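# Breakdown of the fold
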Amino acid sequence: MNLLKSTGTIAGLTMVSRIFGFVRDIMLARVLGAGAAADAWQLAFQLPNIFRRLFAEGAFSAAFVPLFNRKMEEDEQRSAAQNFAIDVLSVFVPILLIFSAVMMLAMPAIIWFIDDFGEGGRTSDFSISLARITFPYLGLISLTTLFAAILNSVSRFAAAAAAPIMLNICKISALLIALLLDGGSDPRQTAYFLAFAVSISGLLQMLWLYYWARKAGFSFAIRKPKFTPDVKELGVLILPAIFGAGIYQISRFIDLFFLGRLPEGSFVYLAMGDRLNQLPLGIIGIALGTAILPALSRFIAKDDQGGAQRIQSNAIELAMLLTIPAAIALFFAAGPLVTSFYVGGNFEASDGATTASVVAALVIGLPAYVLVKVLIPGFFARKDTRTPVYTAGISLTINITLNIILIPIYGIYGLALAGALAAWANCAMLYTMLHRRGHYRIELSLLLRILRITVSAAGMAVMLIYAVPLGEGLYDGNIWERIGSITALVSAGGLVYAVLAWVTGAVDRDKITMLTKKKAAEEAAQEGQ
């Protein structure tokens, strides 16, 4: 597997999705603002989305891919792998239907629980109906995840990486319809359009991935549910993986509980701030985690520990080369970015200032979030889903404790900071366990490379400190002033970092060249440490 090429394919299409996401959020901010309707919409959208990332993308993919790869190795004709996929699908569909039905029936109680036990002002028929309309998205996107995992296992990453673009296109279309009908003057009507758009996008994504899975040579049918030994093994792996792989999403669900006890607009501020945080996390962390899991599984199946060590080191180096400067840039340029993207229409300057502070707190944990995505496949590829459960449990406890301590003092900023610090704790524990078991060890050369990356990013930070004030008055100007000022700021920061990274040796030129070659990961794995 060409790690750089595979990661680039996923990252490139994810970037397209994130760009559409920015367009969507810019429109959302201006049309809905940060009022009650916007809070209700954010809550309704986040509920199925959190469960999607927790159960489907996190736990299911982490458990399914190694087992599916094993079936692929057993039978070159793929019949064993296809039968396994059909058995899983036959069990998966009824469970999804039942779970979704129960959640929709229980939605009044769920909203009441999140909304400070009905005292936060968000427990209403409007909020409940929005959540019920969006929740079918969970079942549809979970089936999409099954097809995506199959395609990823045969190194066909493009179709799955492109699917989320449909979600943003559907939501942008809903906003445009609202604007055409009444100029977006009725935020409740706009929220309903958005809710229906989410479920429609789930159906479109499922059909898209089903088509490409069929094109890859797989066929599917629903049989009578049967818990075969392979399906039982998958279930055993999924249950702890729900917790181990989904610490970020579990933390987000806990965040909803605490957000329900904060002032109106808090759901919007965190969602908008997290959009900027998710840009590098999605492009770098999720892409790398998705790309290396199949390769790690194959190396470990062949008992090639050297190959597993090398591909994980390559992933960490590439992740830090991109993530550390992204985190530092977002921290120092959060104000201009939020102002340029979001402030306007119903989203006021005070809303932008609050959102910028949330971004600065969130990105403190950005490198840790990405490292967790890269380290966890080291456990799942070995079918070890227990260890991440323990580390995630401790990290989650730290997160809750910090929320209780920091939120009364700092409000929503304390909530964002608590999640960042808990992510670092989880990252440290995951690496410690891999190191102690001899599965992975960060070498001195990699540490020195990360140090050079950090020094280069620090140089960029100094430049941003002086450059940010120069654009005052332009960040909230007309569209061309906003585009021009942000483009200049981002370009200057990127140029300074790139030059410093090249001069200090933060970029391993030979390795980047090597990774672009055909079968680079396998070739790298054969080289000496």
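Worth saying up front: this structure is predicted, and the values here are computed from it rather than measured.

What counts as what
Residues numbered from 1 in each chain as written. Predicted model: local features only at pLDDT ≥ 70, side-chain atom pairs only at ≥ 80, totals over all residues. Heavy atoms only, no water. Axes fitted to C-alpha atoms, helices over the stretch in contact; angles between N-to-C directions. Helix = DSSP H or I, 4+ residues; strand = E, 2+ residues; numbered from the N terminus. Parallel < 35°, antiparallel > 145°, perpendicular 65-115°, else oblique. Left-handed = near helix turned anticlockwise from the far one by under 90°. Nonpolar A, V, L, I, M, F, W, Y, C, P; charged D, E, K, R; others polar. pLDDT = per-residue confidence, 0-100. Contact = heavy atoms within 4.5 Å. Buried < 20%, exposed > 50% of the residue type's maximum accessible area, 1.4 Å probe, protein only. Polar contact = N/O pair within 3.5 Å; in protein donor to acceptor, adjacent residues only side chain to side chain. Core = buried A, V, L, I, M, F, W, Y, C linked by side-chain atoms within 4.5 Å. Phe/Tyr/Trp six-rings, centres within 6.5 Å; stacked < 30°, edge-to-face > 60°. Patch = residues over 30% accessible without salt bridge, like charges linked within 9 Å, V, L, I, M, F, W, Y side chains within 5 Å. Areas by Shrake-Rupley, 256 points an atom, 1.4 Å probe, with all protein chains shown as cover. Salt bridge = Lys/Arg side-chain N within 4 Å of Asp/Glu carboxyl O. Expected span 1.5 Å × (residues − 1).

### Section: the packing of helix α16 (residues 386–410) against helix α17 (residues 412–436)
- Contact geometry of α16 with α17 gives a least axis separation of 8 Å together with a crossing angle of 155°. Between α16 and α17, the crossing angle belongs to the class labelled roughly antiparallel. Note on packing geometry: the crossing formed by α16 with α17 is right-handed.
- A class-by-class count of the residues in the contact of α16 with α17 yields 20 nonpolar, eight polar and no charged.

### Thoughts on the confidence of the model for the protein chain
- Model confidence for the protein chain is summarised by a mean pLDDT of 82, while 84% of its residues fall at 70 or above.
- In this model residues 514–529 is a low-confidence stretch, pLDDT under 50, and it forms 33 contacts with partners more than four residues away in sequence or in other chains.

### Observations concerning the side chain of Asp25
- Counting through the fold element by element, Asp25 comes out in helix α1 (residues 3–32).
- The class for Asp25 is buried, based on a relative accessible area of 3%.
- At a separation of 3.0 Å, a polar atom in the side chain of Asp25 contacts the side chain of Arg275.

### Section: the nonpolar core
- Leu47 and Ile316 are the most contacted members of the largest nonpolar core, which has 114 residues in total.
- Looking at this core element by element, the count peaks at 14 residues for helix α13 (residues 305–341).
- The next biggest cluster of nonpolar side chains, apart from the first, holds 36 residues, and it includes Ala63, Phe68, Leu96 and Phe218.

### Here we look at the environment of Pro164
- Along the chain, Pro164 turns up in helix α8 (residues 164–182).
- Placed 40 residues apart in sequence, Pro164 and Leu204 show a C-alpha to C-alpha distance of 10.0 Å.
- Setting aside chain neighbours within four positions, we find Pro164 in contact with Ser17 and Gln205.

### Here we look at the packing of aromatic side chains
- Per the stated rule, a full pass over the model turns up 15 aromatic pairs.
- Seen in terms of ring centroids, Phe99 and Phe135 are 6.4 Å apart; in terms of plane orientation they differ by 40°. Their pairing is tilted. With Phe99 in helix α3 (residues 79–105) and Phe135 in the loop between α5 (125–134) and α6 (136–153), this pair connects stretches of sequence that are 36 residues apart.
- The exposure class assigned to Phe99 is partly exposed, which follows from its relative accessible area of 28%.
- Centroid distance Tyr342 to Phe347: 6.2 Å. Interplanar angle 70°. Geometry classified as edge-to-face.

### Quick look at a nonpolar patch on the surface
- On the surface, a nonpolar cluster with roughly 750 Å² of combined accessible area is contributed by Phe331, Phe332, Ile364, Leu421, Trp424, Val462, Ile465 and Tyr466.
- Of all the elements in the fold, those that place two or more residues in the nonpolar patch are α13, α17 and α18 (444–467).
- The element best represented in the nonpolar patch is α18, accounting for three residues.

### Quick notes on helix α9 (residues 187–215)
- With 29 residues, α9 should reach 42 Å at 1.5 Å per residue; the first-to-last C-alpha distance of 42 Å fits that figure.
- The opening residue of α9 is Asp186, an N-cap whose side-chain oxygen sits 3.2 Å from the backbone nitrogen of Arg188.
- With its phi angle positive at about 105°, Gly217 sits one or two positions after the end of α9.

### Re the environment of Arg449
- Looking at where Arg449 falls in the secondary structure, it is placed in helix α18.
- Accessibility expressed as a relative area gives 16% for Arg449, which makes it buried.
- In this structure the side chain of Arg449 is engaged in a polar contact, spanning 2.6 Å, whose partner is the backbone oxygen of Gly505.

### Here we look at the pattern of salt bridges
- Applying the stated criterion across every chain, the model contains five salt bridges.
- Residue Glu233 pairs with Arg70 through a salt bridge whose shortest N-O separation is 2.9 Å. Residue Glu233 is found in helix α10 (residues 229–244), and its partner Arg70 is found in helix α2 (residues 36–74); the two are separated by 163 residues along the sequence.
- Given the relative accessible area of 28%, Arg70 is considered partly exposed.

### Some remarks on helix α19 (residues 479–504)
- An ideal rise of 1.5 Å per residue puts 38 Å on 26 residues; α19 measures up with 37 Å between its terminal C-alpha atoms.
- Taken together, the buried positions of α19 are occupied by Arg482, Ser485, Ile486, Leu489, Gly493, Tyr497 and Ala501.
- For α19, the N-terminal capping position is held by Asn478, with its side-chain oxygen 3.0 Å away from the main-chain nitrogen of Trp480.
- Positive phi appears at Gly505, one or two residues downstream of α19, with a value of about 85°.

### Side note on the environment of Leu415
- Relative to the assigned elements, Leu415 resides in helix α17.
- Once the C-alpha coordinates of Leu415 and Ile404 are considered, the two residues, eleven residues apart in sequence, prove to be 8.8 Å apart.
- Beyond its immediate stretch of four places on either side in the chain, Leu415 contacts Asp255, Phe258, Leu259, Leu270, Asn403 and Ile407.

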